[in-house]
Amino acid sequence: MARLLALEWDQHEARVVVASARGESISIEEAFAVPLPPRGEEETGDADRDVVRGSAIGAALAARRLGRVQCLAAVGRANIELKQLTLPPSPDDELPDLVRFQALRDFHTLDEDWPLDFIPLTRDPAQPRQVLAAAISPELVEQIRETTRKAGLEPERLVLRPCAAASLLRRAEIRDPEHVRLLVDLLAGEADLTVLVDGQVVFLRTARLPRDPLSADGPPPLLNEIRRTIAAARHQLGGRMVEALHLCGSGADHAALAELIEREIELPCRLFDPFAGLSLSQELTLSPPARAGRFAPLVGMLFDEAQHAAPAIDFLNPRRRPAPPDQRRKLALAGAVAAVVLLVAGGWLWSELSRRDEQIAQLAQQSKEADKLVARYKEFELAAKEIDAWGAGDIDWLDELRELSGDFPRAREVLITQLRMGPRSAGAQDAGGEIALEGYLREAANADEFEASLRDESHRVEGRNLLQDSSKPGYGWRFTLALVVTPQDAETYRKHDAARPPRPAEPEQTAEEGFGGPFGGRGFGTQGRGGRRGGGFGGGGFGGGGFRGRGMGSAPGEGGPDDQGGNRRGDFRRRGGDRGPPEGQPDDNPQPQSPSTEGADKSSNEKNSSESGGAQGKQEGPQG
């Protein structure tokens, strides 16, 4: 009857389980924890710490007089390097070499002398192989050996702790319909979280916990780590979800925590007592360990050893290529096969890397071409923004001129000698247009009234200049000002016209009073062709009120009655000259004809031609 001792420790305590093996069954004799002293000031390094730890464990074992035992040690996930690898199709006996070859490429700190073991995740040799590889530094292995030697032990196995706990869960008589399970093992200051698919370990991690999960405020960090593990496992398993949880432990505290986990995670959570159903000594039956769940990995190690089952990960006895037969011919054949496999694997890897390098070069070229397209798109986008900004400041100058004429004061008060209309300069803050006005005022007191008549929510007066000047008969002051115009739609112009009160009639003006009243000149027209005489901006006034002046035309048009030029009562039309009353009907406000004269500001006249029906006319007016 062999006696087995399973041992593992962390910074706070060492845990020991002693059992006697009979056949494939075991009987648990001892299960206890050994508190480890905190690091002292006299300890100068890991070697001193190993001595202190080993001495504490050895003293506890000597107090129980265990005698000669076979030692099995465990190491936690935080002390190793773990990675999932993908290998080409290959049989099981070739996996150890392929795993090490691939691990040397993928692991960060792995060297040739590192102990390396792995768990095969796929079994079909004809398909690419998936393995979970684990490696440990030789220095850490030597520290573990030094601790056990100081305790009077020599470990025969060095097992990965979460895999040993999963082995015990797999052996327990738990009839679970779920295929994907999460095992939660609470230790001193940390928790092992292991995911199993049909009893096979596929994912594992160790999370440090700031508080004891069994305390009042301890569960939240554990719940967060469980959620992270479930999400990571789902990603690695291609979308498969964890279906149930198992919490290692026993007693009311662990049962309450299991209920809380089930309620918060919304998955079934069952309590897993590692000592349930086992043969225990009388002393252990009467006084079980306080935290039974922490001993689950040790019990799993003892079962594996008693049943001669190789642990999932054993750093002292890793998976190796099977020893070749003694016959030289078989040895030579096996060597040749191994060489071919390695050559094929190396060729496959080289070909795969070359193909990936070519793909990277192609993608880099595509990226450069895409950058050029993006640069061109940005240029188009900038041009579109500039066009939109230009369109937003566009002004309908015909509507604006009509509204301006309605807002002007009487012609006897103001005389306009020059009017310029156009968009604002590029450096202006506001979009829109600008109207520059020059002219004369009868009185200086008219300046404020004139400026107020122009100002509204869409017009702003800037830069007014007023100088005394009596060069124009009837006017004593010369002025200049700029009128900033905000764009408006046609409906706004119509609303302004409808809301403007009618202007009282103004006495007739002589020809010398200028174009259209305050615009300083008469309307001009030439002989119409085939109908009516073409009008200008006269005969009834341009827009009535402020632009009112007498239209001047030439000889009557051929084939039609005389028609006064201009447009009466502000009815400005955009096609050709304005039309008089229909043929055969008298004109309600006939105007006497007078010969054409030149406006006050000849520099601002322009010629426009228009056509309406069978009549054509010409008119001249101030340039915008």
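### What to know about the pairing of strand 1 (residues 2-9)
Among the 8 residues in strand 1, 6 count as buried, and that is most of the element. As defined by bridge partners, strand 1 adjoins strand 2 (residues 13-22) across 8 bridges and the pair is classed as antiparallel. Within strand 2, the residue paired with Leu-4 across the bridge is Ala-19. Hairpin connection between strand 1 and strand 2: a loop of 3 residues separates the two successive antiparallel strands. In this sheet, strand 4 (residues 70-75) lies alongside strand 1 in parallel orientation, the contact comprising 4 bridges. Residue pairing for strand 4: Leu-7 is matched across the bridge by Ala-73.

### Remarks on the sheet that holds strand 11 (residues 200-208)
Taken in spatial order, the 5 strands make up an open sheet running 11-10-9-12-13, and their pairing is mixed. Bordering the open sheet on either side are strand 11 and strand 13 (269-272), each of which pairs with just one other strand. The sheet shows a mean angle of 20° between the axes of neighbouring strands, direction not considered. Across 4 bridges, the pairing between strand 12 (residues 244-248) and strand 13 is parallel. The residue bridging Leu-247 from the neighbouring strand is Leu-271, located in strand 13. With respect to the sheet, helix 4 (residues 161-171) is in contact with strand 9 (180-186), strand 10 (190-197), strand 11, strand 12 and strand 13, its orientation differing from that of strand 10 by roughly 55°.

### Observations regarding the environment of Asn-446
As for its placement among the helices and strands, Asn-446 is situated in helix 11 (residues 446-454). For the pair formed by Asn-446 and Trp-477, sequence separation is 31 residues and the distance between their alpha carbons is 9.7 Å. Excluding residues that lie within four positions of it along the chain, Asn-446 makes contacts with Glu-413 and Leu-441.

### Focus: the sheet that holds strand 16 (residues 433-441)
Sheet architecture is open: 4 strands sit in the order 15-16-18-17, paired in antiparallel fashion. The sheet is open, and its two borders are formed by strand 15 (414-423) and strand 17 (459-468), each paired with just one other strand. Each adjacent strand pair in this sheet contributes to an overall mean axis angle of 15°, direction not counted. As paired elements, strand 16 and strand 18 (residues 477-485) share 9 bridges and run antiparallel to each other. Residue pairing for strand 18: Gly-439 is matched across the bridge by Phe-479.

### Side note on a negative patch on the surface
A cluster of acidic side chains, namely Asp-111, Glu-112, Asp-113 and Glu-139, defines a negative patch on the protein surface. Position of Glu-112 relative to the elements: it lies in the loop between helix 2 (95-106) and strand 6 (116-120). When its relative accessible area of 59% is taken as the criterion, Glu-112 is described as exposed.

### Quick word on the nonpolar core
In this structure, Leu-5, Leu-158 and Leu-302 are the most contacted members of the largest nonpolar core, which totals 68 residues. Looking at this core element by element, the count peaks at 7 residues for helix 8 (residues 296-306). Ranked by size, the runner-up nonpolar core spans 27 residues in total, among them Val-202, Leu-222, Val-242 and Leu-245.

### Section: the packing of helix 4 against helix 8
In contact at an axis separation of 7 Å, helix 4 and helix 8 are set at 70° when each is read in the N-to-C sense. With respect to helix 8, the element helix 4 is oriented roughly perpendicular. Where helix 4 abuts helix 8, its residues Arg-161, Ala-164, Ala-165, Ser-167, Leu-168 and Arg-171 lie against Ala-296, Pro-297, Val-299, Gly-300, Met-301, Phe-303 and Asp-304. Its residues assigned to classes, the contact of helix 4 with helix 8 comprises 8 nonpolar, 2 polar and 3 charged.

### Details of unusual backbone geometry
Positive phi, normally seen in glycine, also occurs at Arg-65, with a value near 50°. Turning to its location among the elements, Arg-65 is positioned in the loop between helix 1 (46-64) and strand 4. At His-308, a position not held by glycine, the phi torsion is positive, near 55°. Within the secondary structure, His-308 is located in the loop between helix 8 and helix 9 (328-392).

### Brief notes about the environment of Ala-312
Here Ala-312 shows up in the loop between helix 8 and helix 9. You can call Ala-312 partly exposed: its relative accessible area is 27%. Separated by 112 residues in sequence, Ala-312 and Gln-200 place their C-alpha atoms 9.3 Å apart. Excluding residues within four positions of it along the chain, Ala-312 makes contact with Asp-117, Phe-118, Ile-119, Cys-163 and Arg-319.

Rules used in this analysis
- Residues numbered from 1 in each chain as written.
- Predicted model: local features only at pLDDT ≥ 70, side-chain atom pairs only at ≥ 80, totals over all residues.
- Heavy atoms only, no water.
- Buried < 20%, exposed > 50% of the residue type's maximum accessible area, 1.4 Å probe, protein only.
- Helix = DSSP H or I, 4+ residues; strand = E, 2+ residues; numbered from the N terminus.
- Pairing = 2+ DSSP bridges.
- Axes fitted to C-alpha atoms, helices over the stretch in contact; angles between N-to-C directions.
- Contact = heavy atoms within 4.5 Å.
- Patch = residues over 30% accessible without salt bridge, like charges linked within 9 Å, V, L, I, M, F, W, Y side chains within 5 Å.
- Areas by Shrake-Rupley, 256 points an atom, 1.4 Å probe, with all protein chains shown as cover.
- Salt bridge = Lys/Arg side-chain N within 4 Å of Asp/Glu carboxyl O.
- Lys, Arg positive; Asp, Glu negative; His and termini not counted.
- Charge placed at Lys NZ, Arg CZ, Asp CG, Glu CD.
- Core = buried A, V, L, I, M, F, W, Y, C linked by side-chain atoms within 4.5 Å.
- Parallel < 35°, antiparallel > 145°, perpendicular 65-115°, else oblique.
- Nonpolar A, V, L, I, M, F, W, Y, C, P; charged D, E, K, R; others polar.

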